[in-house]
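# Structure assessment
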Amino acid sequence: MQKHISFLAAGCFYSLMLLSPNASANEKTQVLMGEKTVTLEGTLPKLTQMAPGFKVVDEHFTPVTLSDFKGKTVLISAVPSLDTGVCALQTKRFNSEVSHFSDDVIMLTISTDLPFAQKRFCKVENVDKIKVLSDSVWRDFGEKYGLLIQDYSLLARAIFIIDAEGKLQYQELVPNITEHPNYDAALAALKTIQALQ
């Protein structure tokens, strides 16, 4: 199994995944889905390095890329499906939090739900302040960020924060997909990262 910690260094929050003593550097990342262990495709991006570019689609199937938010601080909330309780609450939480930040902060929710389903969810739940995007077409985000669950075509639950220079400054891969991320740590990190811009 893996342990996950966040820490503050040089004025920025960072997040690390600690492998168990029996895990090798070449092993694929695994998380829990309830009681079941699932394997993730790809590799988590490295902290303080340039965040990998990706291409997803909006509710109109229009391509959206990370470069569209150049010069902004970007929080990415990755969820398996908006039609599940924890994912819905996670999305609504960040939708309510984004108004506490300046226009230089962009919050995204990304899932592999089809844009039609995402649009319906946003309308019903009044999610209108964050951008909800779909990785259903190319699975580009999931593969580049090491979140695509083998055999399920779903994303693992995770939080990433990319600073205005495009560097990844924070990440949390939630060890059990059925559990919430650490909202307080992510929001505190976002405030710190934005203040340093």
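These notes cover the structure that comes with them. Everything quoted here is computed from the prediction, not taken from an experiment.

## A word on the packing of aromatic side chains
The geometry of an aromatic ring pair is captured by the separation of the ring centres together with the interplanar angle, meaning the angle of the planes. Per the counting criterion, the structure on display carries 7 aromatic pairs. Aromatic side chains Phe54 and Tyr145 sit 5.7 Å apart centroid to centroid with 80 degrees between the ring planes, which places their arrangement in the edge-to-face category. Here Phe54 is found in the loop between β4 (36-41) and β5 (55-57), whereas its partner Tyr145 is found in the loop between α3 (140-144) and β10 (148-149), with 91 residues between them in sequence. Residue Phe54 shares its accessibility class with Tyr145, and that shared class is buried. Aromatic side chains Tyr145 and Phe160 sit 5.1 Å apart centroid to centroid with 75 degrees between the ring planes, which places their arrangement in the edge-to-face category. Here Tyr145 is found in the loop between α3 and β10, whereas its partner Phe160 is found in strand β11 (residues 158-162), with 15 residues between them in sequence. The burial state of Tyr145 is the same as that of Phe160; both residues are buried. In this structure an aromatic cluster arises from ring pairing among Phe54, Phe141, Tyr145 and Phe160. Directly above the aromatic system of Trp138 lies the positively charged group of Lys55, at a separation of 4.2 Å from the ring centroid.

## Topic: unusual backbone geometry
In this structure, Asn126 takes a positive phi of about 55 degrees despite not being glycine. By secondary structure assignment, the location of Asn126 is in the loop between α2 (115-125) and β9 (131-134). Even without a glycine there, the phi angle at Arg139 is positive, about 55 degrees. By secondary structure assignment, the location of Arg139 is in the loop between β9 and α3. The partly exposed category is assigned to Arg139, whose relative accessible area is 21%.

## Focus: helix α1 (residues 85-97)
Over its 13 residues, α1 extends 18 Å from the first C-alpha to the last, a length consistent with the 18 Å expected when each residue adds 1.5 Å. Buried within α1 we find Val86, Cys87, Ala88, Gln90, Thr91, Phe94, Asn95 and Glu97. In this structure, the buried side of α1 is in contact with β7 (73-78), β8 (105-111), α2, β9, β11 and α4 (183-195).

## Observations concerning the pairing of strand β12 (residues 168-173)
Taken across its 6 residues, β12 has 6 buried, putting it largely inside the fold. Pairing analysis gives 5 bridges linking β11 to β12, with the strands arranged antiparallel. Within β12, the position partnered with Ile161 by the bridge is Tyr170. Connecting β11 to the next strand, β12, in antiparallel fashion are 5 residues, including Gly166 with a positive phi near 90 degrees.

## Details of the sheet that holds strand β3 (residues 30-33)
Here we have 3 strands laid out as an open sheet, ordered β3-β4-β10, and antiparallel in their pairing. Whereas interior strands pair on both sides, the edge strands pair on one side only; in this sheet they are β3 and β10. Pairing between β4 and β10: 2 bridges, direction antiparallel. Of the residues in β10, the one forming a bridge with Glu41 is Leu148.

## Brief notes about a nonpolar patch on the surface
Taken together, Phe61, Leu114, Phe116, Val137 and Trp138 make up a surface patch of nonpolar side chains, about 490 Å² in accessible area. Within the secondary structure layout, Leu114 lies in the loop between β8 and α2.

## Focus on the nonpolar core
Residues Phe141 and Leu147 are the most contacted members of the largest nonpolar core, which totals 31 residues. Residue assignment for this core shows that the elements contributing at least two residues are β4, β7, β8, β10, β11 and β12. Once you skip the residues sitting within four places of it in the chain, Phe141 turns out to touch Phe54, Val56, Ile76, Ala78, Ile110, Asp135, Leu147, Leu155 and Phe160. Counting 25 residues, the second largest nonpolar core, distinct from the first, contains Leu75, Val105, Ala185 and Ala186.

Parameters at a glance
- Residues numbered from 1 in each chain as written.
- Predicted model: local features only at pLDDT ≥ 70, side-chain atom pairs only at ≥ 80, totals over all residues.
- Heavy atoms only, no water.
- Phe/Tyr/Trp six-rings, centres within 6.5 Å; stacked < 30°, edge-to-face > 60°.
- Helix = DSSP H or I, 4+ residues; strand = E, 2+ residues; numbered from the N terminus.
- Buried < 20%, exposed > 50% of the residue type's maximum accessible area, 1.4 Å probe, protein only.
- Lys NZ or Arg CZ within 6 Å of the ring centre and 35° of its normal.
- Expected span 1.5 Å × (residues − 1).
- Contact = heavy atoms within 4.5 Å.
- Pairing = 2+ DSSP bridges.
- Patch = residues over 30% accessible without salt bridge, like charges linked within 9 Å, V, L, I, M, F, W, Y side chains within 5 Å.
- Areas by Shrake-Rupley, 256 points an atom, 1.4 Å probe, with all protein chains shown as cover.
- Salt bridge = Lys/Arg side-chain N within 4 Å of Asp/Glu carboxyl O.
- Core = buried A, V, L, I, M, F, W, Y, C linked by side-chain atoms within 4.5 Å.

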